[in-house]
Amino acid sequence: MKVAIGCDHGGFALKEAVRAYLEQEHIPCQDFGAFSEDSVDYGPIAAQVARCVAQGQADYGILVCSTGIGMSIAANKVKGIRAALCTNEYCAEMTRRHNNSNILCMGGKVVDTATGVKLAEIFLHTGFDGDRHQRRIDQIAQIEAGEL
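Being a predicted model, the structure only gives us computed values, none of them experimental.

S.K.: Please set out the pairing of strand 3 (residues 60–65) residue by residue, giving values where relevant.
M.R.: Burial of strand 3 is extensive: 6 of the 6 residues sit out of reach of the surface. On strand 3, burial covers both faces: Tyr60, Ile62 and Val64 on one face and Gly61, Leu63 and Cys65 on the other are all buried. Here 5 bridges tie strand 1 (residues 3–7) to strand 3, and the two strands are oriented parallel to one another. Residue pairing in the sheet places Ile5 in a bridge with Ile62 of strand 3. Direction of pairing for strand 3 relative to strand 5 (residues 103–107): parallel, over a ladder of 5 bridges. Residue pairing in the sheet places Val64 in a bridge with Met106 of strand 5.

Written out as structure tokens, the structure is:
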């Protein structure tokens, strides 16, 4: 498993905590920044992480901004990305099980560090249930292609 991570200034502290967790668990990650709490735009970082995942260079992505909303909107503009904003353990589990999401988005001002690391752990270690959920994922792809 390889993970692409990124944040803006509002998500820097949580991204660093998640990156430390990944290192502790020996999960390779590519960090697309930000690398400090200096103000930076979230869009380009979300795009880089999303493209890395969409092109198969990483299995999953994790994006953090102040709320997670901007990152999730931006990442979902990349074809093949299913970025989910999660604020609790149930959402982190279900977005993997039912939506086969490939990017976890979180808000550094919304979830505390321990919760954010736990959400990342759940997201990365939960499988996709398939079956009827695959039909729904296929429908999302059809929407993305302009066919539905």
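S.K.: Can you break down helix 2 (residues 42–54) residue by residue, with the values?
M.R.: Under the 1.5 Å per step criterion, the end-to-end length of helix 2 is 18 Å for 13 residues, consistent within 8% with the ideal 18 Å. Among the residues of helix 2, Ile45, Ala46, Ala47, Val49, Ala50, Cys52 and Val53 are the ones counted as buried. If you follow the buried residues of helix 2, they end up packed against strand 1, strand 2 (29–31), strand 3, helix 3 (69–75) and strand 5. Immediately beyond the C-terminal end of helix 2, within one or two residues, lies Gly56, with a positive phi of roughly 80°.

S.K.: Account for unusual backbone geometry, with residues named and values stated.
M.R.: A cis amide bond, omega 0°, links Gly33 with the succeeding residue Ala34. By the element assignment, Ala34 lies in the loop between strand 2 and helix 2. Although it is not a glycine, His26 sits at a positive phi angle of roughly 60°. Along the chain, His26 falls in the loop between helix 1 (12–24) and strand 2. The phi torsion at Asn100 lies on the positive side, around 50°, for a residue other than glycine.

S.K.: Any details on the sheet that holds strand 4 (residues 83–85)? Residues and values, ideally.
M.R.: Strand pairing in a sheet takes place through backbone hydrogen bonds and is either antiparallel or parallel in direction. In space, the 5 strands of this open sheet follow the order 2-1-3-5-4, with parallel pairing throughout. Of all the strands in the sheet, just strand 2 and strand 4 have a single pairing partner and so form its edges. Direction aside, neighbouring strands of the sheet carry axes that sit 20° apart on average. Those strands touched by helix 2 are strand 1, strand 2, strand 3 and strand 5, and its axis lies near 170° from that of strand 3.

S.K.: Residue-level account of the pairing of strand 1, with values.
M.R.: Counting buried residues along strand 1, 5 of its 5 residues qualify, which places the element largely inside the surrounding structure. Burial along strand 1 is two-sided: Val3, Ile5 and Cys7 facing one way and Ala4 and Gly6 facing the other are all buried. Pairing of strand 1 with strand 2, which is carried by 3 bridges, proceeds in the parallel orientation. Bridge pairing in strand 2 links Ala4 to Gln30. Between the parallel pair strand 1 and strand 2, the chain is carried across by helix 1, and the sense of this crossover is right-handed.

S.K.: Got a sec to walk through the packing of helix 4 (residues 89–97) against helix 5 (residues 113–124)? Specific residues and values, please.
M.R.: Here helix 4 crosses helix 5 at 20°, and the two axes come no closer than 8 Å. As far as their axial angle goes, helix 5 and helix 4 are roughly parallel. The hand of the helix 4/helix 5 crossing is right-handed. Facing Glu89, Ala92, Glu93, Thr95 and Arg96 of helix 4, the residues of helix 5 in contact are Lys118, Leu119, Ile122 and Phe123. Residues belonging to the contact of helix 4 with helix 5 are distributed by class as follows: 4 nonpolar, 1 polar and 4 charged.

Conventions adopted
- Residues numbered from 1 in each chain as written.
- Predicted model: local features only at pLDDT ≥ 70, side-chain atom pairs only at ≥ 80, totals over all residues.
- Heavy atoms only, no water.
- Buried < 20%, exposed > 50% of the residue type's maximum accessible area, 1.4 Å probe, protein only.
- Helix = DSSP H or I, 4+ residues; strand = E, 2+ residues; numbered from the N terminus.
- Pairing = 2+ DSSP bridges.
- Expected span 1.5 Å × (residues − 1).
- Contact = heavy atoms within 4.5 Å.
- Axes fitted to C-alpha atoms, helices over the stretch in contact; angles between N-to-C directions.
- Right-handed = clockwise from strand over helix to strand, strands pointing away.
- Parallel < 35°, antiparallel > 145°, perpendicular 65-115°, else oblique.
- Left-handed = near helix turned anticlockwise from the far one by under 90°.
- Nonpolar A, V, L, I, M, F, W, Y, C, P; charged D, E, K, R; others polar.

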